[in-house]
Protein chains: 4
Amino acid sequence: MLRYLTAGESHGPCLTMIIDGVPAGFPIQIEKINHDLWRRQQGYGRGGRMLIEKDEAQVRSGIRWGETIGAPVALGIENRDWKNWTKKMSALPEDRDDKIAVTKPRPGHADLNGALKYDRSDIRDILERASARETVARTAVGSFAKQLLAPFEIRIMGYIRSIGNVAANLSRLSFNEIYARSEESPVRTADPDAEEKMIALIEECKREGNTLGGIFEIVVLGLPPGLGSHTQWDRKLDGRLARALMSIQAMKGVEIGLGFEMARRRGSQVHDEIFFDPIKDVSEGTPRVVPTGFYRGSNN
Amino acid sequence: MLRYLTAGESHGPCLTMIIDGVPAGFPIQIEKINHDLWRRQQGYGRGGRMLIEKDEAQVRSGIRWGETIGAPVALGIENRDWKNWTKKMSALPEDRDDKIAVTKPRPGHADLNGALKYDRSDIRDILERASARETVARTAVGSFAKQLLAPFEIRIMGYIRSIGNVAANLSRLSFNEIYARSEESPVRTADPDAEEKMIALIEECKREGNTLGGIFEIVVLGLPPGLGSHTQWDRKLDGRLARALMSIQAMKGVEIGLGFEMARRRGSQVHDEIFFDPIKDVSEGTPRVVPTGFYRGSNN
Amino acid sequence: MLRYLTAGESHGPCLTMIIDGVPAGFPIQIEKINHDLWRRQQGYGRGGRMLIEKDEAQVRSGIRWGETIGAPVALGIENRDWKNWTKKMSALPEDRDDKIAVTKPRPGHADLNGALKYDRSDIRDILERASARETVARTAVGSFAKQLLAPFEIRIMGYIRSIGNVAANLSRLSFNEIYARSEESPVRTADPDAEEKMIALIEECKREGNTLGGIFEIVVLGLPPGLGSHTQWDRKLDGRLARALMSIQAMKGVEIGLGFEMARRRGSQVHDEIFFDPIKDVSEGTPRVVPTGFYRGSNN
Amino acid sequence: MLRYLTAGESHGPCLTMIIDGVPAGFPIQIEKINHDLWRRQQGYGRGGRMLIEKDEAQVRSGIRWGETIGAPVALGIENRDWKNWTKKMSALPEDRDDKIAVTKPRPGHADLNGALKYDRSDIRDILERASARETVARTAVGSFAKQLLAPFEIRIMGYIRSIGNVAANLSRLSFNEIYARSEESPVRTADPDAEEKMIALIEECKREGNTLGGIFEIVVLGLPPGLGSHTQWDRKLDGRLARALMSIQAMKGVEIGLGFEMARRRGSQVHDEIFFDPIKDVSEGTPRVVPTGFYRGSNN
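Right, let's walk through the structure included here.

1. Describing the interface of chain A and chain D
And then number 1: Contacts between chain A and chain D engage 70 residues on the former and 70 residues on the latter.
And then number 2: Taken together, both faces of the contact between chain A and chain D bury some 6,300 Å²; the carbon and sulfur share is 59%.
And then number 3: Linking chain A with chain D are six salt bridges, by the criterion used here.
And then number 4: A salt bridge links Arg266(A) to Glu204(D); its shortest N-O distance comes to 3.0 Å.
And then number 5: Among the elements that make up the side of chain A that touches chain D, the one with the highest residue count is helix H8 (residues 237–246) of chain A (six residues).
And then number 6: Within the side of chain A that touches chain D, the residues separate by chemical class into 26 nonpolar, 24 polar and 20 charged.

Set out below in structure tokens:
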């Protein structure tokens, strides 16, 4: 029912989002969206732009007196550095200046493919939209969506599992503990030893002018059974989640549950046995939205 | 390929549009969009708001140096009266003021259905989005789309056929003539006699506190054959046009070609005979984008 | 949520429909679908094919033991004349026979546009799919949808208002009466005088080798308020209905309520005044699915 | 432009597919679809059903004389075991037999979630559609799609990388070699040593009544640059591919290129450097559809 589009170039005047199909009567706090935008800007070793830009969402429609009204929600996030780009990113033909065109495509970016597809001689026409700054818009949309889910006691949490070859040891911690500790960490991990090594690794890469990848994990608690559907290929929840994640810049792998580890185990070691107890219907202390009495002994 | 969403309340800070799937390299002039917004605000007998508000589109993304770059185009149109509505339409919960709630649903509007569907006790939550001011957003999107079609020499023209019971006599005029004359008329008709009667009728209705409907006609010249498709119900061009038109506020009928008149005639009087002449491949002087040599003797 | 695709050529082996997004647990009777297919084949003056073909739907998936199970519903309707077309409509390359190609495009059909768009030299490749036999598939899908609505006491009725220049006089009859009488009429009208004239007119046109159009009216009783939405152009109910109707072969006009007549009246004569009475919440004797207490004094 | 829906239960009369938006004039051979259906049924250790069922696609529309005609393509694949299921999977209410209901949900299947979502007391209503037999339908659709791509010299190849903890060593082989050798292997691998171990592992699991997973790789050669788009989240190619793959039953991980290995490396070790040479514009001997002169030194 919900759908969204985003627009906006990295150095354009602002990012714009429209979220359509919004139910009415849900409380929305802009501060929560801004908090998630702030979270996105943290992270050890982020570039200088993160320091000059404190992103803030402006509500342009769809929220009145702190509540959704059913109308599409338009959000805007202004580019704080816009004053330095008014000519370079101007919409007006008289500002054209071919001398500043970007003509060298970078690997690891959409530069080459985009320029070929859209037939642009100035690669800036591509890189401005392909930039990871677009994830600011998705962060705002996701933060809005989290507020729609909150009344159902559905919680969404994310944290780092590894950076480069340094993996966090997260065993013996509940999801809630992992999340709480990660939120306090500059590299968003709940493992203090790994944190130290991750920071050292980032510093090392910075010195050598290199970059690093990593793996993050997302946990959702409190979901009712029956989201998605087995009935048609494009309604399957796993597929929709994989699309959403793989569409993020630089993402090259998505796993659900045990993921590829499942391929190495035998069936008896991966299936989550089903139990029934009308009382024990909880998941990590969070009461289930749709208590059914069924639960699983594992979470692969 | 193209899709668009609009957002924005009638008295909110601004209207927002995102047009996605835009091809790159098309020249776009904002003045042309603003001209169409101005056209929308003309018309004999329009309300006072039309006088205080000169709508102007702001480009927020997708157009650089006068050209589309393939990225989604976001447009914004600010509400010039916003300063008088900041509290009444505020997004913040602290501005809530239930004393000013609209509680009387009006017939001929979405007030009642919307309030029931979205469970709103203040009908303003409905009427602000259902308002015909939303057509400002569609005018801007349509004007943008016209500029995408212009390089293919496709022209879109609209004018009034009747207001209330006064119908224009447009026989013996070409489409181009009808359009040119209508653009000069305060009631956008090419028939001077009808114009006089229409104005008198509008004045009469104004005096009695009544409203009036009318019929407009849209003509598109220069289209290539083969838009839409006969192969699936939701690809048929007639259906897509009808949806676009019937989705406009207050529209209650759509006809294509002769429309309902066809139902009264016999087949021999309605079909458009097909001829072939490799030279005579023109339509009102506009060379065809895809010259095929085929033409029709009538245009029912 | 529901979506459907149809497939099948007029003289191919069968028509195929997939209806996806079907809720589970709804009783479905194939006989009702077959009854609607039979209704489609009636009508004074239909061609000879209607006599040889008694269309029957076969359930290929999604219905078990008389109930939907949530899975997509596939229906098939075989072409009873297929044995005469196996070569002409074969899928196999060895059956190609260019000597039987149709090369003369007919006006009033998709022949010319389709052949140009899909670059076919044998117009049969176009006319087979563009044929009005495709409405057999839509009749089956619609009949299925009616059964989904029936538990909510929503009734959908259709009948003829006019054929050629002969209009039925349907005043002073309730919708239920009009429908009941029309179902008994060979030209599906509730007005016996008009019936006689319509039949005479059809006979006259047959003699002169001509065809005729007409106007039908669809009435839906028992709908809850709030279908569709005012919030986005493509969610508006009027637009979606107009698309569905205008996508039917040969349809050139769609009106909702008074339709174009509204354009001729003043506002005070077209708006449906809103009343409230918690008891009088009925519509022609059909209890409302979602009783709200609101009702209208007219139905324009 | 292309879209498709599938329908059909595992033990129902047949699977049904509709592919819509098909371009006209493409040669289609049913034998090629049947060959891919046969390939799907191979594989060491497949269950007994694979032996009794030789799946064959029937063309029900959209292909004439060996060519697509632009119309939707409907395919059907009959269930060869249907005669044993006519009562158990009947569409008729009189065949209901609650005594044979499946009431025990299996882990690793949609049984429990589906039964809760669709409120079914007989889990057969869920498992019949959730069954991996649905991939027969997708195999046919995919095989059809491969034939649309073939004229552009685009080749799609798939093979096994690992089964359980046995990984194939595929280094020093070109994609074409890997594919050719894998097609000859009962476990579809190009590494003879791994093949032996995989077969032993499968036999061992069979003896202990266990199951096994594995990892397969898909290679596409000859693609033009510019499929998908960086401009909107749901147009990104990686996301669309991930959705398609993760929507297959039992898939729990998707990687593109190096995948998760990228997360462990530094940027300098993962980016694919861009070179330009107007002559060397080939990829494994396959001439590029859209020769651009650009090529990459690696393929991460």
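Following the structure, the description resumes.
2. Brief notes about the relation of the copies chain D and chain B
And then number 1: By a simple turn and slide, chain D fits onto chain B: the slide is 0.0 Å along the axis, the RMSD is 0.0 Å, and the turn is 180°. The transformation relating the two chain copies, once decomposed into turn and shift, fits a two-fold axis. Every residue of chain D has its C-alpha some distance from the rotation axis, and the shortest such distance is that of Met1(D), at 4.2 Å.
And then number 2: Looking at chain D, 100% of its interface residues are interface residues in chain B too, so the copies touch through the same face.

3. Section: the relation of the copies chain A and chain D
And then number 1: Expressed as a screw transformation, the operator carrying chain A onto chain D has a rotation angle of 180° and an axial translation of 0.0 Å, and the superposed copies differ by an RMSD of 0.0 Å.
And then number 2: Counting the interface residues of chain A, we find that 100% of their copies in chain D are interface residues as well, pointing to one common contact surface.

4. Notes on the packing of aromatic side chains
And then number 1: Under the definition given, this model contains 18 aromatic pairs over all chains.
And then number 2: Across the ring face of Trp85(A), the terminal group of Lys88(A) is positioned such that the distance to the ring centre comes to 4.4 Å.

5. Comments concerning the sheet that holds strand S2 (residues 14–20) of chain C
Residues and elements named next belong to chain C.
And then number 1: Strands sit in the order S1-S2-S7-S4 across an open sheet of four strands; the sheet is antiparallel. Only two strands of the sheet have a single neighbouring strand rather than two, namely strand S1 (3–7) and strand S4 (57–61). On average, each strand axis in the sheet is inclined to that of its neighbour by 20°, with strand direction left out of account.
And then number 2: Sitting on the sheet, helix H1 (residues 30–41) touches S4 and strand S7 (73–78), and the angle it makes with S4 is about 135°.

6. Here we look at a nonpolar patch on the surface
Residues and elements named next belong to chain A.
And then number 1: Taken together, the side chains of Ile156, Phe216, Ile218, Val220, Leu223, Leu227, Leu237 and Leu241 make up a nonpolar region of the molecular surface, amounting to roughly 600 Å² of accessible area.
And then number 2: Looking at the nonpolar patch, the elements with two or more residues in it are strand S10 (214–221) and H8.
And then number 3: By residue number, the principal contributor to the nonpolar patch is S10, which donates three residues.
And then number 4: By secondary structure assignment, the location of Leu227 is in the loop between S10 and H8.
And then number 5: Residue class for Leu227 comes out partly exposed when judged on its relative accessible area of 43%.

7. Examining the pattern of salt bridges
And then number 1: Scanning all chains against the criterion turns up 105 salt bridges over all chains.
And then number 2: Residue Arg120(A) pairs with Asp125(A) through a salt bridge whose shortest N-O separation is 3.0 Å. Exposure class is identical for Arg120(A) and Asp125(A). Each is buried.
And then number 3: A salt bridge links Arg138(C) to Glu134(C); the nearest nitrogen and oxygen atoms lie 3.1 Å apart.

8. Observations regarding the sheet that holds strand S8 (residues 155–163) of chain A
Residues and elements named next belong to chain A.
And then number 1: Spatially, the three strands line up as an open sheet ordered S9-S8-S10, and their pairing is antiparallel. Edge strands, defined here as strands with exactly one partner in the open sheet, are strand S9 (166–167) and S10.
And then number 2: With two bridges joining them, S8 and S9 adopt antiparallel strand pairing. Counted as the bridge partner of Ser162 is Ala167 from S9.
And then number 3: Running at roughly 70° to S8, helix H6 (residues 175–184) makes contact with S8 and S10 of the sheet.

9. A short note on the interface of chain D and chain B
And then number 1: Between chain D and chain B, the contact holds 11 residues from the first and 11 residues from the second.
And then number 2: Of the roughly 870 Å² buried between chain D and chain B on both sides combined, carbon and sulfur atoms contribute 32%.
And then number 3: Looking only at chain D, the three residues that lose the most surface to chain B are Arg3(D), Thr231(D) and Arg235(D), adding up to 48% of its buried area.
And then number 4: The interface formed by chain D and chain B holds four salt bridges in total.
And then number 5: Across the salt bridge formed by Arg235(D) and Asp20(B), the nearest N and O atoms sit 2.7 Å from each other.
And then number 6: Counting every contact that joins chain D to chain B gives eight residue pairs in polar contact (both at pLDDT 80 or more).
And then number 7: The residue makeup of the side of chain D that touches chain B, split by class, is three nonpolar, four polar and four charged.

10. A word on the packing of H8(A) against helix H8 (residues 237–246) of chain D
And then number 1: Between H8(A) and H8(D), the shortest axis-to-axis distance is 7 Å and the interhelical angle comes to 160°. As far as their axial angle goes, H8(D) and H8(A) are roughly antiparallel. Read as a crossing pair, H8(A) and H8(D) show a hand that is right-handed. Contacts from Asp238(A), Gly239(A), Arg240(A), Ala242(A), Arg243(A) and Met246(A) in H8(A) reach Asp238(D), Gly239(D), Arg240(D), Ala242(D), Arg243(D) and Met246(D) in H8(D).
And then number 2: For the contact of H8(A) with H8(D), the residue count by class is four nonpolar, two polar and six charged.

11. Structural notes on helix H7 (residues 192–207) of chain B
Residue and element names in this part refer to chain B.
And then number 1: When the terminal C-alpha atoms of H7 are compared, their 23 Å separation across 16 residues agrees well with the 22 Å that a helix rising 1.5 Å per residue should span.
And then number 2: Within the span of H7, buried status applies to Ala194, Met198, Leu201, Ile202 and Cys205. End-on view of H7: buried residues confined to an arc of 100°, all on one side of the axis. Within H7, the exposed residues directed more than 90 degrees away from the buried face are Pro192, Asp193, Glu196 and Arg207.
And then number 3: On its buried side, H7 packs onto strand S8 (155–163) and strand S9 (166–167).
And then number 4: With a side-chain oxygen positioned 2.9 Å from the backbone nitrogen of Asp193, the residue opening H7 is Asp191.
And then number 5: Positive phi shows up at Gly209, right after H7, with a value of about 65°.

12. Quick word on unusual backbone geometry
And then number 1: Here Glu153(A), not a glycine, exhibits a phi torsion of approximately 60°, which is positive.
And then number 2: Tracing the sequence through the fold places Glu153(A) in the loop between helix H5 (134–149) and S8.
And then number 3: Given the relative accessible area of 46%, Glu153(A) is considered partly exposed.
And then number 4: Even without being a glycine, Arg188(D) presents a positive backbone phi close to 50°.
And then number 5: Mapped onto the secondary structure, Arg188(D) falls in the loop between helix H6 (175–183) and helix H7 (192–207).

What counts and how
- Residues numbered from 1 in each chain as written.
- Chains lettered and ligands numbered in written order.
- Predicted model: local features only at pLDDT ≥ 70, side-chain atom pairs only at ≥ 80, totals over all residues.
- Heavy atoms only, no water.
- Contact = heavy atoms within 4.5 Å.
- Buried area = accessible area lost by both parts, 1.4 Å probe.
- Salt bridge = Lys/Arg side-chain N within 4 Å of Asp/Glu carboxyl O.
- Helix = DSSP H or I, 4+ residues; strand = E, 2+ residues; numbered from the N terminus.
- Nonpolar A, V, L, I, M, F, W, Y, C, P; charged D, E, K, R; others polar.
- Least-squares fit on C-alpha atoms with pLDDT ≥ 70 in both.
- Phe/Tyr/Trp six-rings, centres within 6.5 Å; stacked < 30°, edge-to-face > 60°.
- Lys NZ or Arg CZ within 6 Å of the ring centre and 35° of its normal.
- Pairing = 2+ DSSP bridges.
- Axes fitted to C-alpha atoms, helices over the stretch in contact; angles between N-to-C directions.
- Patch = residues over 30% accessible without salt bridge, like charges linked within 9 Å, V, L, I, M, F, W, Y side chains within 5 Å.
- Areas by Shrake-Rupley, 256 points an atom, 1.4 Å probe, with all protein chains shown as cover.
- Buried < 20%, exposed > 50% of the residue type's maximum accessible area, 1.4 Å probe, protein only.
- Polar contact = N/O pair within 3.5 Å; in protein donor to acceptor, adjacent residues only side chain to side chain.
- Parallel < 35°, antiparallel > 145°, perpendicular 65-115°, else oblique.
- Left-handed = near helix turned anticlockwise from the far one by under 90°.
- Expected span 1.5 Å × (residues − 1).
- Arc of directions from axis to C-beta.

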